[in-house]
Amino acid sequence: MSILGIVIFLLIGGMAFWMLLFLMGFILPFWITLGVFEKMKPTRIFEEEEA
């Protein structure tokens, strides 16, 4: 029964590791790039009110 606990612990730890690797390698740069492009987008000074 002790082996099963160790296996489950390593399985959950491995899944967490790969999820963090995915987040740091893909999602974080994607999020930063979207933020940069949003800041670079020209803004309208005089916005027209839509009625």
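Here we summarise the structure given alongside this text. Note that the coordinates shown come from a computational prediction; the quantities given were computed from them, not determined experimentally. (Residues numbered from 1 in each chain as written. Predicted model: local features only at pLDDT ≥ 70, side-chain atom pairs only at ≥ 80, totals over all residues. Heavy atoms only, no water.)

This paragraph deals with the overall build of the chain. The helix and strand tally for the chain stands at one helix and zero strands. The C-alpha radius of gyration computed for the chain amounts to 22 Å, which surpasses the reference 10 Å derived for 51 residues by more than 25%, pointing to a less compact arrangement than a globule. For the chain, the spread of C-alpha atoms along the principal axes amounts to about 70 × 25 × 10 Å. A burial count over the chain gives 0% of its 51 residues as buried. Working note: accessible area of the chain is about 5500 Å², and carbon and sulfur atoms make up 76% of it. (Helix = DSSP H or I, 4+ residues; strand = E, 2+ residues; numbered from the N terminus. Rg over C-alpha atoms; globule rule 2.2 N^0.38 Å. Buried < 20%, exposed > 50% of the residue type's maximum accessible area, 1.4 Å probe, protein only. Areas by Shrake-Rupley, 256 points an atom, 1.4 Å probe, with all protein chains shown as cover.)

This paragraph deals with helix α1 (residues 2-40). End to end, α1 covers 56 Å across 39 residues, agreeing with the expected 57 Å (1.5 Å per residue, within 8%). The largest bend along α1 reaches roughly 35° and is located at Leu23. (Expected span 1.5 Å × (residues − 1). Bend = angle between axes of the 7 residues up to and from the residue.)

Attention now goes to the pattern of salt bridges. Under the defined criterion, the tally for this structure stands at one salt bridge. Between Glu38 and Lys41 there is a salt bridge, and its shortest N-O distance comes to 3.5 Å. (Salt bridge = Lys/Arg side-chain N within 4 Å of Asp/Glu carboxyl O.)

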